[in-house]
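Residue-level listing of the chains:
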Amino acid sequence: MEAARLSRLRWRCRRGMRELDVVFQRYLEQHYVAASPEEQRAFESLLEEQDPVLLAYLTGREHPQDPQQAYVIARLSNPGS
């Protein structure tokens, strides 16, 4: 994977909430490179969401409409998966 692209994604994983920083950066480091192109796109689209929406997804108060995004959220919520 292109180093510049990963660097840009690492920067985009920096959120306004430290908890989200940790979750998104962990996914990027542990799963992103090996993920399917669809999963990568879903992860990148989640980075476009506002922090309150992401927190609602991660806590299960809301659920993404997109099935790929829902899959990524499940992986983010369960780091061992």
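About the criteria used
- Residues numbered from 1 in each chain as written.
- Predicted model: local features only at pLDDT ≥ 70, side-chain atom pairs only at ≥ 80, totals over all residues.
- Heavy atoms only, no water.
- Salt bridge = Lys/Arg side-chain N within 4 Å of Asp/Glu carboxyl O.
- Helix = DSSP H or I, 4+ residues; strand = E, 2+ residues; numbered from the N terminus.
- Buried < 20%, exposed > 50% of the residue type's maximum accessible area, 1.4 Å probe, protein only.
- Axes fitted to C-alpha atoms, helices over the stretch in contact; angles between N-to-C directions.
- Parallel < 35°, antiparallel > 145°, perpendicular 65-115°, else oblique.
- Left-handed = near helix turned anticlockwise from the far one by under 90°.
- Contact = heavy atoms within 4.5 Å.
- Nonpolar A, V, L, I, M, F, W, Y, C, P; charged D, E, K, R; others polar.
- Phe/Tyr/Trp six-rings, centres within 6.5 Å; stacked < 30°, edge-to-face > 60°.
- Core = buried A, V, L, I, M, F, W, Y, C linked by side-chain atoms within 4.5 Å.

Q: Please clarify how the pattern of salt bridges should be interpreted in this entry.
A: It is possible for side chains bearing opposite charge to pair when their charged atoms get close. Overall, the coordinates contain seven salt bridges when judged by the stated rule. Two residues, R15 and D51, come together in a salt bridge whose shortest N-O distance is 2.9 Å. Of this pair, R15 sits in the loop between α1 (3-12) and α2 (18-32) while D51 sits in helix α4 (residues 51-59); the two residues are 36 residues apart in sequence, bridging distant segments of the chain. One exposure class covers both R15 and D51, and it is buried.

Q: Sorry, what's going on with the packing of α2 against α4 here?
A: The relative placement of two packed helices is expressed as an angle between their axes plus a distance between the axes. The geometry of α2 relative to α4 is characterised by a closest axis approach of 11 Å and an angle of 70° between their N-to-C directions. The pairing of α2 with α4 is recorded here as roughly perpendicular in orientation. For the crossing formed where α2 meets α4, the hand is left-handed. Contacts from L20, V23 and F24 in α2 reach D51, L54, L55 and L58 in α4. A breakdown of the residues in the contact of α2 with α4 according to their chemical character gives six nonpolar, no polar and one charged.

Q: Explanation requested: the environment of Y27 in the structure shown.
A: Relative to the assigned elements, Y27 resides in helix α2. With relative accessibility at 2%, the residue Y27 sits in the buried group. The sequence separation of Y27 and S77 amounts to 50 residues, and the corresponding C-alpha distance is 9.8 Å. Beyond its immediate stretch of four places on either side in the chain, Y27 contacts Y32, A35, E39, F43, V72, R75 and L76.

Q: How should the packing of aromatic side chains be read in this particular structure?
A: Two numbers describe a pair of aromatic rings. These are the distance of the centres and the angle of the planes. What the rule picks out here adds up to three aromatic pairs. Their ring planes at 40° and their centres at 5.7 Å tell us that F24 and F43 sit as a pair that is tilted. Placement of the pair is F24 in helix α2 and F43 in helix α3 (residues 37-46), with a sequence separation of 19 residues. Take F24 and F43: they sit in the same class, and that class is buried.

Q: Just checking my understanding: could you explain the nonpolar core for this structure?
A: The tendency in soluble globular proteins is for nonpolar side chains to be buried side by side. One finds F24, F43, L46 and L76 to be the most contacted residues of the largest nonpolar core, which totals 19 residues. Elements represented by at least two residues in this core include exactly α1, α2, α3, α4 and α5 (67-77). Of the residues forming this core, the biggest block, six residues, is contributed by α2. Not counting chain neighbours up to four residues away, the residues in contact with F24 comprise C13, F43, L46, L47, L54 and L76.

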